[in-house]
Each structure stands twice: as structure tokens, then as C-alpha cells.
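Close look at the chain arrangement
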Amino acid sequence: MTLYPNLILEALKNVKYPGNGKTLAENGMIEDDIRIDGNKVSFSLIFDKPTDPFIRSVVRSAEAAINAYISPEVEIKDNIAVKYRKPLEEKPKLLPGVKNIVGISSGKGGVGKSTVAANVAISLAAKGYKVGLLDADIFGPSMPKMFGVEDEQLYMVNKDGRDWIEPVEKYGVRMLSIGFVVDRNSPVLWRGGMASNALKQLISDAWWGDLDYFLIDMPPGTSDIHLTLVQTLPITGVVVVSTPQEVALADARKGIAMFQSDKVNVPILGLVENMAWFTPAPHPEEKYYIFGNGGATRLAEELGVKLLAQIPLVADICSDADMGAPSSVALADEGKAAANPEAEAFGALAESIVKACDERNAALPPTQPVAMKS
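About the cut-offs
- Residues numbered from 1 in each chain as written.
- Predicted model: local features only at pLDDT ≥ 70, side-chain atom pairs only at ≥ 80, totals over all residues.
- Heavy atoms only, no water.
- Core = buried A, V, L, I, M, F, W, Y, C linked by side-chain atoms within 4.5 Å.
- Buried < 20%, exposed > 50% of the residue type's maximum accessible area, 1.4 Å probe, protein only.
- Contact = heavy atoms within 4.5 Å.
- 1 Å grid on protein atoms, 1.4 Å probe; cavity = no way out; pocket = protein on both sides within 12 Å on 5 of 7 lines; lining within 4 Å.
- Points joined across faces, edges and corners; volume = space filled by probe spheres on them.
- Helix = DSSP H or I, 4+ residues; strand = E, 2+ residues; numbered from the N terminus.
- Pairing = 2+ DSSP bridges.
- Axes fitted to C-alpha atoms, helices over the stretch in contact; angles between N-to-C directions.
- Arc of directions from axis to C-beta.

Turning our eyes to something else, we now look at the nonpolar core. One finds Phe147, Phe214 and Leu349 to be the most contacted residues of the largest nonpolar core, which totals 83 residues. The residues contacting Phe147, other than those within four sequence positions of it, are Ala118, Ile122, Leu133, Lys170, Tyr171, Val173, Met175 and Gly324. The next biggest cluster of nonpolar side chains, apart from the first, holds 23 residues, and it includes Ala11, Val15, Leu45 and Ile76.

The space that makes up the largest pocket amounts to roughly 360 Å³. Within the residue set of the lining of the largest pocket, elements represented by two or more residues are strand 4 (98-106) and helix 11 (341-363). Per-element accounting of the lining of the largest pocket gives the leading share, four residues, to strand 4.

For the rest of this paragraph, the subject is the sheet that holds strand 10 (residues 211-217). The strand order across the open sheet built from eight strands is 8-9-5-10-4-11-12-13, with neighbouring strands paired in mixed fashion. Of all strands in the sheet, those with a lone pairing partner are strand 8 (168-170) and strand 13 (307-313), marking the two edges. Averaged over all pairs of adjacent strands, the angle between their axes in this sheet comes to 25 degrees, without regard to strand direction.

Next up on the list: the sheet that holds strand 1 (residues 35-37). The three strands lie next to each other as 1-2-3, forming an open sheet whose pairing is mixed. The open sheet has two edge strands with one neighbour each: strand 1 and strand 3 (80-84). Adjacent strand axes in the sheet meet at a mean angle of 20 degrees, parallel and antiparallel pairs treated alike. As paired strands, strand 1 and strand 2 (residues 40-47) are joined by three bridges and run antiparallel to one another. Looking across to strand 2, one finds that Arg35 is bridged to Ser42.

Structurally, Gly103 is set in strand 4. Counting along the chain gives 32 residues from Gly103 to Ser71, while the straight-line C-alpha distance between them is 68 Å. Beyond its immediate sequence surroundings of up to four residues, Gly103 is in contact with Ile216, Met218, Ile235, Gly237, Val238 and Val239.

Positioned with a positive phi, Leu95 is a non-glycine residue whose angle comes to about 50 degrees. Within the secondary structure, Leu95 is located in the loop between strand 3 and strand 4. Judged by its relative accessible area of 9%, Leu95 falls in the buried class.

As a further point, take helix 8 (residues 295-303). Inspection of helix 8 places Gly295, Ala296, Leu299 and Ala300 among the buried residues, and these make up the whole buried set. For helix 8, the angular spread of the buried residues around the axis is 130 degrees, confining them to a single face. Projecting away from the buried face of helix 8 at angles above 90 degrees are the exposed residues Glu301 and Glu302. Check the buried side of helix 8 and you find it contacts helix 7 (246-260), strand 12 (268-278) and strand 13. Immediately downstream of helix 8, the backbone of Gly304 shows phi near 70 degrees, a positive value.

Listed below in C-alpha cells is the structure:
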């Protein structure tokens, strides 16, 4: 009698795993280690775990099949070894020390989204929270200028046995931007894949440490970058920034629809109406609705989302950011804050975001990165 591996495999096709009714081969349970020495045959069967209740019965069935379909003379009894699959190693969780990840988004550019993101980050830090800020606007990074750190160099720091990018820290906020590694006077001419990979590196290769809030200044509109972010990180929720202008509100509606869609399904923490009105310094009781009156309020009511804040149009908000000292820096000094209504407005918005995160976390399960389906 001549034995060969295919003969053994043919016989084992008659053995099914009781757990699902499939053959051992279909379940990938036959190890590629069949050994033949005269009439003696040995090989291994692979099971998922040692507690599998069918191990003994499957081994006996395999022995019986070989003796029945090949020959009773085959020496197989007690020659079938049992092995177990190695459990798949889970990928290390990104940002394990971060409690809340908040996206700051807008339907269109020019509505002050980055200004809001910078001031909220500084406001949260002034209130004692540990805060990180990622400038995810790959093609139009503005955080280095707003924080007055355009000439800052990035360094590596060794933690847990490996080297990490160390975020720049100012005003109590840890911050990274693609603006630190590209020429600020040249456009970023990258395709979507390159931009997404660069963004992932700023997230996964940086030492963010323990944070209460990790804010992401997203690019305007809806793009590959937004999909990369929701697929990479478990975003707690998104704050959408708009002006009262109908054109801006129409784009804000699209942005909210993207996050609320079945494929993405990221909670909307609320809407911010920026440049809500203009008040001249000599007449603080007067309000001029340059871009329209209450458009974001109506949109919030229509879509069933919260209106987190209305931020007035104040020249100092723009000039402060241009000088690298956003208005909310004043919150660190109680005396200055009292005479700075725009700083107070951003401070109130930060408190609203904290409350919105707390309510979201109490009502919904922890978020997971989005698994996009075609």
C-alpha cells in the first residue's frame, strides 16, 4: 500500500466540523505538515481555541475516516496533533490618553472655522483642561500663524521605547500642523492619498499624551480628509461653524448631512454662528446684522441640533489671530477677560462644547472609527 498526502486529504473531505457543517479543509483546519513513514501517518488539526467542545470528536472522526476510506492498516490512532490558531494581534489604539475628540468643521471656507478652533482650544486650556489641537487643513494650514509659532521647529521625543513627534505647546495647547513641515510660501500640491497619509502621521506618530479634549481643525467642505479622519479616529462629535449668510448655511447643511449619514454617523455636538452681528465699540448696545439675522438659529431648529454660540464680528478677533495671540488668551488674565467681550464669547462656547460632550457621552456608547462601506 502506497500512501501519499493527497490520499490523506481526500479521506479527510469526509469529515465535517460539527460547529458549522463545513469540511475540515473548508475551515482551514488541516495543517500543512502531513508526514508519512511506511503505514504510519501523522499530521496536525488546527482549532480556534483550547476550549472548543468538538476537539475530541473531530480527531476521532479524522482517524476513522482515514482507516475507512484508505485502509484499516494505516497507523493513525493517536498520531493527530492538535494546534490552536494564534489570536490576531489588535492594533494599538490611537490616542489612548484622549478622552474626547472633537472635530471643528464648516461647509465652506471663510466663515472663521480655524479662528473658532484656535480660540476654543485656548479657552479650554485656560479653564484647566488638557488640550490638543490638530490642524487638519492640509492645503491651507493656519494654526502656526494664529499661535505665533510659524518659525518653530519640530523635534522628536523618546517615549515608551520609540521616537515620537513632539507637538508644539503654546497657551497651554499642544498643537501640530502640516504647516510646520512645508514651505509656508508655496502651495501644497499633493493628491488625496498623500494628504491623508501625512495627516495620519501627525496623529499616529505624535506624542499627544493625556488630553481631555483633542480638537481637529478640519478643512472646509467634504473631502477625502474628512473620510480619513472618521475612519482613523473615534470622533466624539463635530461642531459645525457657519455665518448667518444663506450661502454659508446651505453648505453647512451639507456638512451636517455628511456626518449624520448612515455611512459616517458621527454625532453633531452643535452649530456655531460666527460673525453673527457687528457692534461698534463706541455703541456696545447696537447690533448690525451684516451677513443676515439668525440664519444659524433657524438652521439649528430645522435640523434638530443645538446652537452652541453666536460669536460677534469684532475686528480684534481677526487682528489678534494675525498677531499670533488669539482673543481667548485674555481668559488667562481675569482683568483682561472682563474687558474683552470676544474672549468671553469664546469662553462661553468652550463651556457649551464641554456640556455637549458630557451629554453625548452619557447618552451614547463610546464611538469607534467608522468602517466605510461601498
